[in-house]
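Summary of structural features
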Amino acid sequence: MTIVSCEFFTNQEQPDAVAQLGDAYLTRAEILSILPADYTTADSVLIVQKYIDDWTTDQMLLRNARKNITQDKQDDLQLLIKKYQMELYTQAYLQELVKANLDTTFSKSTIEQYFQERKEEFKLNEELVKFRYISLDASYPDVEEIYKLFKRNDLKSVKALDSLSLGYRNYSLNDDVWVNRGTVLERISPITAANAADYLKPGSNWKLEDSLGVYLVHVKDVLKRGEQAPLSYVQPTIKQILRNQRKLTYIKNLEKELLDDAIQNKRLKVNP
């Protein structure tokens with residue numbers, strides 16, 4: 001598919017130009033880069049015309065700005081542009097270096113040590129729950145039999161429940177993972193913010209119903225706001241903190257090496 005049907009001109013001085021305003025050119029390559037992969041001829045006309053209109057408006061604003069903004073202000077803007085360009089290049093380069101050279105894996109002992117040394121920083125600002133559940137349609141047969149297996153929670157019962165899972169609306173039989181209270185409210189609609197305190201009690205089992213169906217729920221454990229956060233829950237946060245620390249150290253050392261290299265090899269010249 002091409003955009004020849006859009007009937008935009010080609011300038012002799014700039015053969016790839018699709019539009020021109022003064023000494024500014026909008027190239028065909030730039031136009032092609034904004035077209036979706038599966039565009040039609042009709043789509044291209046609309047997309048390209050809108051892009052050209054926006055480009056023209058921006059160019060007119062730029063021309064007027066250059067005519068009306070003082071030279072001192074323009075000089076200040078040029079300095080900002082150069083600084084921003086430098087930051088874009090250097091940040092892109094640093095990201096590639098970090099990606100290629102920085103080890104972002106951490107041992108279990110490193111994570112545990114960080115946690116133990118900063119426990120007071122990891123207090124919960126939300127309630128956490130360990131629970132398992134099965135959600136069934138209201139018409140599901142043998143709900144009581146499923147509920148008996150669910151409450152037993154021995155290996156044989158769990159296997160039996162898992163083998164019947166295709167008939168469930170939703171389920172999770174793993175109650176070893178801490179989740180926030182919102183996850184419980186989202187999955188068990190009869191439990192709401194207003195009544196959660198009545199249901200979210202360690203060791204409790206519930207068979208709840210609403211217009212959508214039946215919910216079998218076991219609450220294994222609960223942690224309240226302000227209590228110590230478990231390591232398993234904050235481990236992703238700790239890993240991210242350690243990654244950031246290692247990244248900052250790597251970049252700081254790299255910058256020092258580059259500065260030392262410039263000075264020692266007399267690449268840096270400072271005029272008094």
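In the nomenclature of an unreviewed UniProt entry, the chain corresponds to Peptidyl-prolyl cis-trans isomerase from the organism Nonlabens ponticola.

Looking only at helices and strands, the chain has nine helices and seven strands in total. Rg of the C-alpha trace for the chain: 31 Å, well past the compact-globule value of 19 Å for 272 residues, more than 25% over. Dimensions of the chain, computed from the C-alpha atoms along their principal axes, are close to 80 × 60 × 35 Å. A buried classification covers 29% of the 272 residues belonging to the chain. Within the chain, contacts between residues at least 6 apart in sequence are counted, and of these 65% link residues at least 24 apart. Accessible surface, the chain as shown: approximately 18700 Å² in total, 52% of it carbon and sulfur. Positive and negative charge centroids in the chain, built from 37 and 40 side chains respectively, lie 7 Å apart.

What follows is about the environment of Ala29. Mapped onto the elements, Ala29 comes out in helix 1 (residues 28–34). With eleven residues separating them along the chain, Ala29 and Val18 place their C-alpha atoms 9.1 Å apart.

Interaxial distance between helix 5 (residues 143–152) and helix 6 (residues 155–163) falls to 8 Å at its minimum, and their mutual angle equals 135°. Between helix 5 and helix 6, the angle falls in the class oblique. In this structure, the crossing between helix 5 and helix 6 has a hand that is left-handed. Counted together, Ile146, Leu149, Phe150 and Arg152 of helix 5 and Ser157, Ala160 and Leu161 of helix 6 form the full contact between these two elements. Considering only residue class, the contact of helix 5 with helix 6 consists of five nonpolar, one polar and one charged.

Moving on to unusual backbone geometry. Positive phi, close to 60°, is recorded for Asn153, a residue that is not glycine. Along the polypeptide, Asn153 turns up in the loop between helix 5 and helix 6. With phi around 55°, Lys266 is a residue other than glycine that occupies positive phi space. Here Lys266 is to be found in the segment after helix 9 (231–264). Given a relative accessible area of 67%, Lys266 falls into the exposed group.

A separate point is the pairing of strand 3 (residues 128–137). Most of strand 3 sits inside the fold, with nine of its ten residues counted as buried. When strand 3 meets strand 7 (residues 213–223), the two strands line up antiparallel, connected through ten bridges. Among the inter-strand pairings, Val129 is bridged to a residue of strand 7, identified as Val222. Across three bridges, the pairing between strand 3 and strand 4 (residues 170–172) is antiparallel. Across the sheet, the residue bridging to Tyr133 is Ser172, located in strand 4.

Glancing now at the nonpolar core. Counting residues in each nonpolar core, the largest one holds 14 residues, and the members touching the most others are Val129, Phe131, Val184, Ile188, Ile191, Leu200 and Val217. Listing elements by their share of this core, those giving two or more residues are strand 3 and strand 7. Looking at this core element by element, the count peaks at four residues for strand 7. In this structure, Val129 is in contact with Val177, Trp178, Val179, Arg181, Val184, Leu200, Val219, Asp221 and Val222, ignoring residues within four places of it in sequence.

Right, let's get into the packing of aromatic side chains. Applying the stated criterion to the full structure yields six aromatic pairs. Every member of this aromatic cluster is reached through a ring pair, and the members are Tyr114, Phe115 and Phe122. Lying across the ring of Tyr114, Arg118 places its NZ or CZ 3.9 Å from the centre. Here the basic side chain of Arg132 rests over the ring of Phe150, its NZ or CZ set 5.0 Å away from the ring centre.

A separate point is helix 5. Here helix 5 has its buried residues at Val143, Ile146, Tyr147, Leu149 and Phe150. Within helix 5, the buried residues cover an arc of 165° as seen down the axis, which keeps them to one side. On the buried face of helix 5, the contacting elements are strand 3, helix 6, strand 6 (204–210) and strand 7. Just downstream of helix 5 lies Asn153, where phi reads positive at about 60°.

Conventions adopted
- Residues numbered from 1 in each chain as written.
- Predicted model: local features only at pLDDT ≥ 70, side-chain atom pairs only at ≥ 80, totals over all residues.
- Heavy atoms only, no water.
- Helix = DSSP H or I, 4+ residues; strand = E, 2+ residues; numbered from the N terminus.
- Rg over C-alpha atoms; globule rule 2.2 N^0.38 Å.
- Buried < 20%, exposed > 50% of the residue type's maximum accessible area, 1.4 Å probe, protein only.
- Contact = heavy atoms within 4.5 Å.
- Areas by Shrake-Rupley, 256 points an atom, 1.4 Å probe, with all protein chains shown as cover.
- Lys, Arg positive; Asp, Glu negative; His and termini not counted.
- Charge placed at Lys NZ, Arg CZ, Asp CG, Glu CD.
- Axes fitted to C-alpha atoms, helices over the stretch in contact; angles between N-to-C directions.
- Parallel < 35°, antiparallel > 145°, perpendicular 65-115°, else oblique.
- Left-handed = near helix turned anticlockwise from the far one by under 90°.
- Nonpolar A, V, L, I, M, F, W, Y, C, P; charged D, E, K, R; others polar.
- Pairing = 2+ DSSP bridges.
- Core = buried A, V, L, I, M, F, W, Y, C linked by side-chain atoms within 4.5 Å.
- Phe/Tyr/Trp six-rings, centres within 6.5 Å; stacked < 30°, edge-to-face > 60°.
- Lys NZ or Arg CZ within 6 Å of the ring centre and 35° of its normal.
- Arc of directions from axis to C-beta.

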